[in-house]
Structure formats: structure tokens, C-alpha cells
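Here is how the chains run, residue by residue.
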Amino acid sequence: MSNKAARNLFIFGSLFFFVIFVMLTIDTMGKLDKRAPAITEEVNAGKMVWHKYDCIGCHTILGNGSYFAPDMTKITEKKPKDYLKQFLMDPKSVNPKASMPKLGISSKEADDLIAFLDWTSRVDTNGWPPKPILATAAGVAVKELTAGQRVYQSQNCANCHMISGIGGTTGPDLTHVGSKRDRTWLFGHFKDPKTYVPNSAMPSYGHIGEKELNDLTDYMVSLK
Amino acid sequence: MTIKYESQKIAQNFYTFAVLLFLVQVTVGIIAALQFMWPDFFILNFNIIRSLHINAMVVWLLVGMMGATYYVVPEESETEIWSLPLAKFQFWATVGTVLAVVLGYVYMGINPQANTLVFGTRLLNEGREYIEAPRWADILIVVSVLLFLLNNFMTMLKTKKWTGIQGTLLGGLTVLALMYLPGMFYTKSMVKDQFWWWWVVHLWVEGAWEVIAGALLAFMLMKVTGVKREVVEKWMYVEVGLVMFTGILGTGHHYYWIGTPSYWLWVGGIFSSLEPIPLLIMVWDAFRTTRETRVVTNKAGLYYTVAHAIFNFVGAGLWGVIHTLPQVNKWTHGTQITTAHGHLAFYGAYVLLVLAMIYITLPAIRGVKAFNASRAFQSFWWMTISMIFIVLTITGAGMVQTYMERLMGLDYVAVKTNYNLWFWILRAIFGVGFLYGVLIFVVDYFKLGKEPASAVAPAPEKA
Ligand code: HEM
Ligand code: HEM
Ligand SMILES: [Fe+2]
């Protein structure tokens, strides 16, 4: 092959692939709106706030960004909105050990951000992030659960709390909570956390029924 | 070694600015590494430090490539630069813009509310990774790059010697300038935002920049080994051609999970898996050329050139291909595996490229026949070994993260603060080793040709 032929192959080959890429881009652009919910004013305002505070300088979203803090794609599926709002406005008021700084986010900005994060959580991401495959496999073979453990699981307490190394880190570790709190405190706290802990960011569980709350309390008390 | 055209000396302005920013980049990199252990340890939050780290990196690499281009184009065109005052103006305009942007980041770090909305865009920081620079700075940067391109094209037009090397170099630079534009408009959809964002980021590092690297590699091999132009240029076309054929559609490896249609899993998976091939040809090219020649005029220069080719392949090619298939990327997407790859790829492909260009052209600019290369080798080994260990520790952290968080379902923060702690400590230690290597390089850069220490006395003949 002569140098000239090699050069022409480079130039026209690149153009050829670029044209295909542009065609795929046009096709994709036509399909994106159907793969995500409609963008309201609030969602857009939330996206602007996301950029304003450079959240992507610490977090990933849709898996892209920085690897210093958890991914935000599906965060509203995992955490209730009141909790998120309080965390955004003052992380350390939720979790004294939080390393996210207090950025000065206003109440309105927090609402907008949550609308935006709720939007991303409903984008069709071809199944990302995947369900943890080993956890699912272990769940099938798990030993008989007590009634309290079943409530703990169905209410997703582990999104915020850790027991023996498994679970979230934003609420206190519950591994030994039974030696710290008594039955009345735990039961009352489930019904209305704020009367026991001022400014508590834990959601109230008054709605789940007396029996379930009793089972849950039994379980907590057993954690010594 | 002396320069043929006086105006080639302008390259040195760009090199000096690049070298200083390199020092800033690595210093703030160490602060970022320490913040993984102590998040509040510095006045500026992690996000600001990280923006400084990656922006300083992108800017110094670009500035280094600009310097290299101002050296190569007159040499290839066999004439002085079209307008030296324009080149100087373009240099100082770039310095001014960069400093203003940096001050803006620092100010925003102290007072996040200062990042207000002005004419619909952010005043200090756009809040988009790598292209954080606000819109007004984007526009100034584009103007500066256009002046730079104009100056070089006019230089080429003066003598109309269309060599393959400078044609490819300027072609790559033009695509680079064009591919900055998709990052310069706002979209309400985060999916579209990221779609266009990858046009900039991917089509830069795996398209335009890699073409520039191919052209500079050919130039450097020709300079240090004296190999025939026809041969290096032919292989250069093969390399940069394959870079584009695989890299353009390879962009699909970023469109797996961001809300884009699933056909990208096929397009991205297939084409990006082929991306290492041209990088491997570059390694082979460097070795073949070196083996065929006995007279090496610049040992340090050749060393850095060959190392660039090798680590371009290892960092971009190997560390890229391990997580590029959708079946793997589904689990590793957005983990420390990505950071590991990012570091080795940028180091191998572009840091070593710019340093190689500096070692090959600076002696001529400073008018020295030969120079003592011992510091060049020392800094090379300090930097390279430290970088290898940074990458290994972060790859380890990424494997632990992928296993525990993504496969077992443990909490992100728990994995980060408990299981990966030692990896962060080790990274910071090797980071200091890297900084030491950079310091040796900086000293060497400023002293090269200015001390009588080398065996051969400096011979400042005028061109
Ligand atoms: C010199 C060339 C390259 C450089 C400088 C580079 C750099 C980077 C960087 C910095 C990122 C992270 C971007 C972010 O912050 O989100 C990234 C991501 C990625 N790169 Fe590269 N890269 C290069 C070449 C390659 C090649 C040749 C491949 C494949 C064979 C590859 C595969 C990937 C993949 C799959 C990701 C996405 C990782 C994820 O899902 O989180 N890269 N690259
Ligand atoms: C020439 C050398 C270096 C280059 C080219 C480089 C490049 C980069 C890049 C591309 C990123 C973005 C990460 C990504 O998106 O994948 C990054 C982030 C980072 N770099 Fe560097 N870096 C270098 C040296 C260092 C050193 C010496 C340290 C200090 C130990 C360091 C610490 C960091 C940290 C802590 C981050 C943040 C990573 C994260 O978000 O998880 N870097 N660097
Ligand atoms: Fe890529």
C-alpha cells in the first residue's frame, strides 16, 4: 500500500465511521424521551442545582462522575424523601459521622434536587445497577427468620442501619442496640422517633401495626 | 541539536506553563488522596480539589501539545511561524483564562453560593466532570485554540509542504477543537447531558488526542532514530486510522447504562474491544524502529518515547479492555476500576508523550548538543514505579468494591471506610513517591542546558 492510499484510507474510513456514529446518535435522540419520564420544571430546576453545587465532583450519577461518594441514580428508591431532604440540607444532623459537607442547600433547592433524583431513578438504564447477585443467592438458602427479622427485612431497615457488618451507614449501627435501649424506648421510638430524638431523620413506623412493632422490638432487644 | 527556526522557541513558553501545572496537578492529587481518609482535612472540599486535579491535568497536557505543535510545524514546513506575536498573545491569553478559572474554583470552594446563574449559565463552575470550566471560559478557550490553529495552518500555507506528520497533527487538533463544542450547551435531560458529555471526553482521549499522539510518535521516532519518513508515516496512517475506526463507535462503551437504547451494548462492546489493536501496533512500531537503528541521538528522549508507546497500550488498551465488555462493565461501571484505568491511561498515553516531546525538543531549543540524562532517568523511574503501584492499589480497591458492594450488596460507605482503607493509605504513600519524581523532572526541566555539569560543554550555536 502506498502512503497516499494509507492516508486516504485513514481520512475516508474515519469519515465513514463518523457518519454511522452520527446516524446512530440521531436514532438514539429520537428514542431517549420514551425511556424516561417527562421532565417537569421542578426536575429541570433540580438538575440546575445539581450542577450548581458540583455534586458530580464527589458522586456518580448513572455511574459517571467521581468515586468518592455513593451513586445517586436510584437513591430515591432506597431512602424516603423527608430523610433525603434533611440530609441534603445538613448531613451531620442526620449522621454525625457524615463526610458530605453542609453546602448551604435551601429548602426549595432540596425539593428540586429530590424531584430530579426521582426522575433519574425512573430512567430505563438497561437494568443498571444490577441486583447484588451473591446476596440474592445467599437469600435463597437463608435459615429460618424470626418474625422480627422478617419485619426488619420487609421494611428495608438495612438501607440505613447495619447489623453485624451488613447494611447502610447513615443511621446508627444496631448490632448491640439491645444493650443500649430498653423495650419502651424502642417501641415508642418506632412510633414517633422525633419525640425521643429531636430532629431525628428516621421515618416513623407507627403505620405498620402493633404486632409487627412488637416483633421488631423483640428483635431489637435481642441484639446485645 | 539546534533549532532551525528562531520562532520554534515559543514552544518553551508552553512547556514551562505545562510543567508548572503538572506540579500543581500532582500536589492536589495527594490532597485528594488524603481526603479519602480525612474528608475535612483541607479548606477546600474534595470536589473542588478533584476538579483542580483533573482540570490542571487536561490543561497542561493540551498546553504541552500546543508547545509541541509550535515546534513541529515550522520544522516540517521549513519556515518561521506565520505570526510570532499572535502565538505569544495566544499563550498569554491561555494563561490568563486558566488562572481566572482556577481562582473561580477556589472561590466557589470557600463559598458555594457564589456559583450563581449569569445569562443562564454558571458563573464559576459548570458542575460537569472534566468540563467544569464555566461557559465564558469555554468561549475564551475556543478562541485561543482557533487562533492557535489559524497560526499553524498559515505557517503550513507559507511553504505548502504538506507532510503526513503535520497534516495528521493538525487534523487531530482540529477534531479536538470541534469535539469541545458538544460540551457547550445545556440540556434539560441528564441522559442527553451525559450522552453529549461523552462525545467530548471519549472522542478526545480515544479519538483526537490519540491521533495527535500517533503523529507526534512518528515525529519523535524520526528525530531520535533517523528512520525514513516514508516508513514512519505509513505506519502512522495505519495506527491513527485504526484508532478512529475502532474509537468512534467505541464511544458506545459509555452508552450501556445511561438511559440509551440497548443496541449500544453491541456497538460499544464490539468496537471498543478492538481499540487496543492500534495501540499495540504503536508499541511494535516503536520497537521495530529502535531496533533498526544504531545511532540514537537522544537517549532520554527515546526512552520516554518507547515508554509512552508501552504504557499507552497497557493503561488505555489493557486496563481499558478489561472492563469494556457490557457483561463486565455492568458490575464495574463507576467503581475504582475506572479510576485505576483513568490514571494509567492518562499517564502512559499523554503524560509520557508530552514529557518525551519536551526531552526531544528542549535540548535543541536551549541549543545544547548533549545533556546529562541521569535526572531524566531518575524521574522516569520514580514516576513510573509509583504510578504502577498507585494503579495496582486502586485496582485492588476496585476489585474489593466490585465484589463487596456490587456482588454482595454491602453498603458503599462501609466498603470505602472499612475494607478499602489500606488501599487509600498505600495510594497516598505512592502518590508522594510520584511527586518526588515530578520534582526531579521539574528541576531537570529548568536546569537542562543551563549547567556545565554534563560531559559535553553546551554549544550555543545560533541557527
Ligand atoms: C488514552 C486513552 C484513554 C484514556 C486517557 C482513558 C481515560 C478514561 C477515563 C478518565 C475514564 C473515566 C471517565 C469518567 O470519569 O467517568 C475512562 C472510562 C472508561 N474507559 Fe478509558 N481511556 C482511554 C482509552 C480506553 C480504551 C482503549 C478502552 C477500551 C478498550 C477504554 C475503556 C474505558 C471504559 C469501558 C470506561 C468506562 C468505565 C466505567 O464504566 O466506569 N478506555 N477512560
Ligand atoms: C500524572 C499523574 C496523574 C494523572 C494523569 C492523574 C489523573 C487522574 C484522573 C484522570 C482522575 C479522574 C479519575 C477518573 O475519573 O477515573 C484522577 C482522579 C484522582 N487522582 Fe489522579 N492523576 C495523577 C496523579 C495522581 C497522584 C500522584 C495522586 C495522589 C496520590 C492522584 C490522586 C487522585 C485522586 C484521589 C483522584 C480522585 C479519584 C476518585 O474520584 O475516586 N492522582 N486523577
Ligand atoms: Fe471511552
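Here, the structure is the one placed above.
Quantities reported herein were computed from a predicted structural model and do not represent experimental measurements.

Cut-offs applied
Residues numbered from 1 in each chain as written. Chains lettered and ligands numbered in written order. Predicted model: local features only at pLDDT ≥ 70, side-chain atom pairs only at ≥ 80, totals over all residues. Heavy atoms only, no water. Core = buried A, V, L, I, M, F, W, Y, C linked by side-chain atoms within 4.5 Å. Buried < 20%, exposed > 50% of the residue type's maximum accessible area, 1.4 Å probe, protein only. Helix = DSSP H or I, 4+ residues; strand = E, 2+ residues; numbered from the N terminus. Domains from an automatic or database assignment. Contact = heavy atoms within 4.5 Å. Patch = residues over 30% accessible without salt bridge, like charges linked within 9 Å, V, L, I, M, F, W, Y side chains within 5 Å. Areas by Shrake-Rupley, 256 points an atom, 1.4 Å probe, with all protein chains shown as cover. Salt bridge = Lys/Arg side-chain N within 4 Å of Asp/Glu carboxyl O. Donors = N, O, S within 2.8 Å, 3.2 Å for Na, K, Ca; no water. Tetrahedral: all angles 85-135°; square planar, octahedral: opposite > 155°, others 65-115°. Near = heavy atom within 4 Å. Polar contact = N/O pair within 3.5 Å; in protein donor to acceptor, adjacent residues only side chain to side chain. Nonpolar A, V, L, I, M, F, W, Y, C, P; charged D, E, K, R; others polar.

Draft legend 1. Highlighting the nonpolar core. If you look at the biggest cluster of nonpolar residues, it comprises 194 residues, and the most contacted ones within it are Trp50(A), Phe22(B), Trp209(B) and Tyr350(B). Take this core: its biggest share by element is 26 residues, from helix H6 (residues 190–225) of chain B. Summarising the domain contributions, this core has at least three residues from each of domain 1 (3–32) and domain 2 (41–121) of chain A. Apart from residues lying up to four places away in sequence, Phe22(B) is in contact with Trp60(B), Val351(B), Leu355(B), Met383(B), Phe434(B), Val438(B) and Phe441(B). Counting residues in hydrophobic clusters, the runner-up holds 17 residues, among them Val151(A), Ile163(A), Tyr205(A) and Tyr219(A).

Draft legend 2. Representation of a nonpolar patch on the surface within the structure. Residues and elements named next belong to chain B. Nonpolar side chains collect at one region of the surface, where Tyr303, Trp381, Ile385, Ile388, Phe389 and Leu392 lie side by side and expose about 520 Å² of accessible area between them. With 5 residues, the top contributor of residues to the nonpolar patch is helix H13 (residues 374–407). Along the polypeptide, Trp381 turns up in helix H13. Residue classification places Trp381 among the partly exposed positions, given a relative accessible area of 41%.

Draft legend 3. Region of the structure containing the coordination of the iron atom of ligand 1. Residues and elements named next belong to chain B. Of all protein atoms, just one serves as a donor to the iron atom of ligand 1, and that atom is His341 (NE2), at 2.0 Å. Between the two metal centres, the iron atom of ligand 1 and the iron ion (ligand 3), the spacing is 4.3 Å. Structurally, His341 can be placed in helix H12 (residues 336–366).

Draft legend 4. Region of interest: the coordination of the iron atom of ligand 2. Residues and elements named next belong to chain B. For the iron atom of ligand 2, the full set of protein donor atoms is His53 (NE2) and His343 (NE2), at a range of 2.0 to 2.1 Å. For the iron atom of ligand 2, the 6 donor atoms in the first shell make angles of 86 to 179° at the metal, so the coordination geometry reads as octahedral. On the criterion of sequence distance, the pair formed by His53 in helix H2 (residues 46–77) and His343 in helix H12 is long-range, its members being 290 residues apart. With a relative accessible area of 14%, His53 lands in the buried category.

Draft legend 5. Here's a closer look at the site of ligand 1. As a structural note, the neighbourhood of ligand 1 is formed by 28 residues, with Glu129(B), His333(B), Gly334(B), Thr338(B) and His341(B) the closest of them. The local environment of ligand 1 is shared, drawing residues from chains A and B. Within the contact set of ligand 1, an oxygen atom lies 3.2 Å away from a side-chain nitrogen or oxygen of Tyr67(A). Of all elements in the fold, only H6, helix H10 (299–321) and H12 of chain B reach the threshold of two or more residues within the shell around ligand 1. Of all the elements, H12(B) adds the most residues to the shell around ligand 1, at 7 residues. Looking at the shell around ligand 1 residue by residue, the class counts come to 11 nonpolar, 13 polar and 4 charged.

Draft legend 6. Representation of the site of ligand 2 in the model. Among the 27 residues in the neighbourhood of ligand 2, the closest are listed as Tyr67(A), Gln25(B), Arg50(B), His53(B) and His343(B). Around ligand 2, the neighbouring residues derive from chains A and B rather than from a single chain. In the environment of ligand 2, an oxygen atom lies 2.8 Å from a nitrogen or oxygen atom belonging to the side chain of Arg50(B). Counting only elements with at least two residues in the shell around ligand 2, the list comes to helix H1 (10–35), H2, H12, H13 and helix H15 (421–447) of chain B. Here the shell around ligand 2 takes 7 residues from H1(B), the largest share from any one element. When grouped by side-chain class, the residues that make up the shell around ligand 2 number 16 nonpolar, 8 polar and 3 charged.

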